[in-house]
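Topology and contacts: notes
Single-letter residue listing:
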Amino acid sequence: MKRCEMIKDRERFNYIIKNGHYNKDKNFVVYEVFAKENVYPHFGIAIKTAIGKAVVRNRLKRQVRSILDKNKKLFKKDKDYIIMIRNECLTKSFVELDSSLVTIMKGKK
């Protein structure tokens, strides 16, 4: 994922979470909101500090970024997305996380 595709602004993060539609399963919660000025989709990844130490959280974020890069065709270019990682991800393999996130994105309305 390129740096320009990432959402780092706290205000934008909060706006998407408050006003966006969401889909969820045991591993992820994905918020999405329409953004008409986008040329490509923007992504934010959120994870609680209670999930684990920094090494664990960073590994999960790297895995999610890899899944996003591999499945960019599932995301609409005129939307912003926040992906919240849940506690269940700790016990899952990369393949299980990949199928979970893809299922959420295909199952959305």
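Whatever comes next refers back to the structure up there.
Let us look at the structure shown here.

Criteria and cut-off values
- Residues numbered from 1 in each chain as written.
- Predicted model: local features only at pLDDT ≥ 70, side-chain atom pairs only at ≥ 80, totals over all residues.
- Heavy atoms only, no water.
- Axes fitted to C-alpha atoms, helices over the stretch in contact; angles between N-to-C directions.
- Helix = DSSP H or I, 4+ residues; strand = E, 2+ residues; numbered from the N terminus.
- Parallel < 35°, antiparallel > 145°, perpendicular 65-115°, else oblique.
- Left-handed = near helix turned anticlockwise from the far one by under 90°.
- Contact = heavy atoms within 4.5 Å.
- Nonpolar A, V, L, I, M, F, W, Y, C, P; charged D, E, K, R; others polar.
- Phe/Tyr/Trp six-rings, centres within 6.5 Å; stacked < 30°, edge-to-face > 60°.
- Buried < 20%, exposed > 50% of the residue type's maximum accessible area, 1.4 Å probe, protein only.

**Details of the packing of helix H2 (residues 54-70) against helix H3 (residues 94-107)**
Direction vectors running N to C along H2 and H3 enclose 55°, while the axes themselves pass 10 Å from each other. Classified by the interaxial angle, the pair formed by H2 and H3 is oblique. Every pair of crossing elements has a handedness; the one defined by H2 and H3 is right-handed. Contacts from Leu60, Gln63, Ser66, Ile67, Leu68 and Lys70 in H2 reach Phe94, Leu97, Asp98 and Leu101 in H3. Grouping the amino acids of the contact of H2 with H3 by side-chain chemistry returns six nonpolar, two polar and two charged.

**Concerning the packing of aromatic side chains**
Within this structure, the stated rule accounts for four aromatic pairs. Plain terms: the ring middles of Tyr22 and Tyr31 are 5.6 Å apart, the flat faces sit at 45° to each other, and that makes the pair tilted. Judged by centre distance (4.9 Å) and plane angle (75°), the ring pair of Phe75 and Tyr81 falls under edge-to-face. Of the two residues examined, Phe75 and Tyr81, each falls in the buried class. What links up through ring pairs into an aromatic cluster is the set Phe43, Phe75 and Tyr81.

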